[in-house]
Number of protein chains: 2
Amino acid sequence: MKTVHRPDCRTDVPPDPPGAGKETAVPHKLIRLQRSSYSLEPRRPVMLAIAGDSAAGKTTLTRGIAAALGPGRATTICVDDYHRYDRAERRGVPFTVLNPDSNYIEIMEQHLQLLALGRPILKPVYDHGSGQLIRPVMIEPRDFVLVEGLLPLHSKLARVCFDITVYLDPPEEIRRTWKLRRDCAERGYAQDQVLAELERREPDSAAYIRPQRQWADICVRFAPIKGRALAPGTPLSAELLLRPTIQHPDLTDVLTDDDRRTVHLKLIRDADGRPVDALHIHGYAPREDSRIVEKAIWEQLSSGHGTPMPDSLGCLANGQRSEALAIAQLLLVWHLLEARE
Amino acid sequence: MKTVHRPDCRTDVPPDPPGAGKETAVPHKLIRLQRSSYSLEPRRPVMLAIAGDSAAGKTTLTRGIAAALGPGRATTICVDDYHRYDRAERRGVPFTVLNPDSNYIEIMEQHLQLLALGRPILKPVYDHGSGQLIRPVMIEPRDFVLVEGLLPLHSKLARVCFDITVYLDPPEEIRRTWKLRRDCAERGYAQDQVLAELERREPDSAAYIRPQRQWADICVRFAPIKGRALAPGTPLSAELLLRPTIQHPDLTDVLTDDDRRTVHLKLIRDADGRPVDALHIHGYAPREDSRIVEKAIWEQLSSGHGTPMPDSLGCLANGQRSEALAIAQLLLVWHLLEARE
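Now for a quick tour of the structure. None of the values given here were measured: they were computed from a predicted structure. Numbers given for residues are sequential positions, taken from 1 along each chain in its written order. Lettering for chains starts from A, numbering for ligands starts from 1, and both go in the order in which the items are written. Under the rules for a predicted model, residues below a pLDDT of 70 receive no local features and side-chain atom pairs below 80 are neither given nor counted, while totals for whole chains, interfaces and linings still include all residues.

Moving on, we come to the overall build of chain A. Note on conventions: DSSP H or I runs of at least 4 residues are helices, E runs of at least 2 residues are strands, and numbering of each starts at the N terminus. The helix and strand tally for chain A stands at nine helices and 10 strands. Across chain A, every contact between residues at least 6 apart in sequence was considered, and the portion connecting residues at least 24 apart equals 69%. Throughout, a residue-residue contact means that the two C-beta atoms, derived from backbone geometry, are no farther apart than 7 Å.

What follows is about the sheet that holds strand β8 (residues 237-242) of chain B. Residues and elements named next belong to chain B. One requirement defines pairing of two strands: DSSP has to find at least two bridges between them. Taken in spatial order, the eight strands of this open sheet run β2-β5-β1-β6-β7-β8-β10-β9, and their pairing is mixed. Bordering the open sheet on either side are β2 (74-78) and β9 (263-269), each of which pairs with just one other strand. Each strand of the sheet is rotated relative to its neighbour by a mean of 20°, with strand direction disregarded. Both strand β7 (residues 218-223) and β8 contribute to a ladder of six bridges, which runs antiparallel. Bridge pairing in β8 places R221 opposite E239. Every angle, taken between N-to-C directions, lies between 0 and 180 degrees, and every axis is a line fitted to C-alpha atoms, over only the stretch in contact when it is a helix.

Quick look at the pairing of β9 of chain B now. Bridge count for β9 of chain B against strand β10 (residues 275-281) of chain B is seven bridges, and the pairing is antiparallel. Within β10 of chain B, the position partnered with V263 of chain B by the bridge is I281 of chain B.

What follows is about the environment of F144 of chain A. Residues and elements named next belong to chain A. Secondary-structure assignment places F144 in strand β5 (residues 144-149). Residue classification places F144 among the buried positions, given that 24 C-beta atoms sit within 10 Å. Each C-alpha atom, one on F144 and one on S290, is 26 Å from the other, the two residues being 146 residues apart in sequence. Setting aside chain neighbours within four positions, we find F144 in contact with P45, V46, L48, L69, R73, A74 and L336. Every C-beta atom is placed from the backbone, and the number of other C-beta atoms within 10 Å of a residue's own sets its class: buried at 20 or more, exposed at 12 or fewer, partly exposed in between.

All right, on to the packing of helix α2 (residues 58-69) of chain B against helix α9 (residues 323-340) of chain B then. Residues and elements named next belong to chain B. Between α2 and α9, the least distance of the axes is 9 Å, while the angle of their chain directions is 55°. One element, α2, and the other, α9, form an angle in the oblique class. In this structure, α2 meets α9 at a crossing whose hand is right-handed. Residues L61, G64, I65, A68 and L69 of α2 pack against L325, A328, Q329, L332, V333 and L336 of α9. Angle categories are assigned with fixed cut-offs, so that under 35 degrees is roughly parallel, over 145 is roughly antiparallel, 65 to 115 is roughly perpendicular, and the rest are oblique. Left-handed describes a crossing whose near helix is turned anticlockwise from the far helix through less than a right angle; right-handed describes the clockwise counterpart.

Residues and elements named next belong to chain B. At a closest axis distance of 9 Å, the pairing of helix α6 (residues 172-185) and helix α7 (residues 191-209) adopts a crossing angle of 135°. Here α7 runs oblique to α6, going by the angle between their axes. Judged by the twist between their axes, the crossing of α6 over α7 is right-handed. Contacts from R176, K179, L180, D183 and C184 in α6 reach Q191, V194 and L198 in α7. Side-chain classes follow a simple rule in which Ala, Val, Leu, Ile, Met, Phe, Trp, Tyr, Cys and Pro form the nonpolar group, Asp, Glu, Lys and Arg form the charged group, and the remainder, Gly included, forms the polar group. Classifying every residue of the contact of α6 with α7 by side-chain character gives four nonpolar, one polar and three charged.

The subject of this paragraph is the sheet that holds strand β8 (residues 237-242) of chain A. Residue and element names in this part refer to chain A. Read from one edge of the open sheet, eight strands run β2-β5-β1-β6-β7-β8-β10-β9, paired in mixed fashion. Two strands lie at the open edges of the sheet, namely β2 (74-78) and β9 (263-269), each paired on one side alone. Neighbouring strand axes in the sheet, compared pairwise and without regard to direction, differ in orientation by 20° on average. Two strands pair when backbone bridges link them, and β8 and strand β10 (residues 275-281) are joined in this way by five bridges, in the antiparallel orientation. Directly across from E239, in β10, lies its bridge partner H280.

Shown next as structure tokens:
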């Protein structure tokens, strides 16, 4: 089909040059689409990914960041809604929801790209209560888009959408405790059901979830310190691996690698040999120690001292405060604000 | 945030040039997205829009075209699924489903653009039975995408997605008859409900549906011929307005503007003064006359005589054959195949 000049409509399309024939039809369509799409380019939001296995602490981390950014500034989405099958259909499927084949990964990628370009999406919704896929919801990206879920870093097409990527990496025994507690208390499962599901998911977890750790700019590991017996009720310590894939605030002025200090920064090699900064925050770190680090981070904001430091950070699901969580969240808020500059 | 070269991942992104600072962060993201999106460019399908009011005959026209293209070659979607409100919510809304504000027009545009680029969509679904928005469906574009609905030509962003655009334009009294018959027989409404709904919709129909006629490459009007009394049961005649916005097959060798012939072609001015070819097919046209036109269309296929002419065309909902419908469908099949060349 030859596309002929339309005098009245499609005035954005120039008339065919003399001699232009059928072969121009397809490029013309693409040009039309591009001109239309990019003519009213919205401002692109800053995109943060928080990946990790089920009950790794993604929602706790994300919630504090969204609160610190302030009302109306962040859009939070969970990419575990891109299920290909509902609960009943999954009974006939040989793999778990952790498997990319259980999910519309291509649509997840597409939606992440749209959000990264500042465009709205009609996001699918999986209802955890009924186990059904229900009416989708309209999502419009605000200044910051916080994306949490099982597989946001699985594919390259998804990864390129993010400015900052995080992987939550608790030791498996901690995560099992958290998952048992949550799924029994909040999702109505029996303990043996949760344990059986954990076992069933392990191969897919090893194959698809944990490999995403390598793509994270920041790996966050909440854990008891190895070899130290702590008083019961001491919050977990945290190790934040800060990879040089993005520019982190410089903490070498306020921290040393002396691991007798409750907060310290150590240059190490990651399991794969890559150099990385490891920021340790002990569970028993007093508020004064963590305050030093928080101030050092916040003073390096490009927008200067006008922005007050958020004071709502570090809130655990049980209402307790964790200095380690507060520092992790503040660091991510700093990255988000810097990327917005 | 400064984006630093990532040695392991994001290898498609060149390292920052010396001195590159924060201001490069946003363009980088866009470049990453574009490189990722366009690296595996799928083949773009040919896109046909069939717009028209409720019960204007869109499905009858579309069904025959999809059948003629052959199994697995066409994806048919209805863009009336992009409802913002379900049936219960619409009771509190001051406008009808014909109003763009009742619909996620921006998402419809986005999905049309994605399909036009050969990409899949997760399309929302409105269940006419329950009046609810239900689980969305995955749609992958085949060689041809046939898009029918109330508002596919409403906005410029939607219109640029199409290679061929059609508007179905039956006289209002014919459409009312069709709508009464269908909504009572197939959708379980009472006659007075349908009549009340037609009246309620009229302002939105005038404001949003009928203006789309101006954007169509082909306007199709099935109607009795004015001033002629025909035997009951005679199929409706058709007038196809062929606008010079796309290149139509040349029918001047086989047709004249002699309106005593059952099929004739006349150069006229449209209501807005634009020149247009009007192809008339009378309801009582014998098969021999319509065969001449069909052959003339089909012989102008660029792929030559190897492609057999489809013989399944012209099938009305009641099972009768309409020569006028058959010619309209064949013309559109010709356009689709030519655009694919």
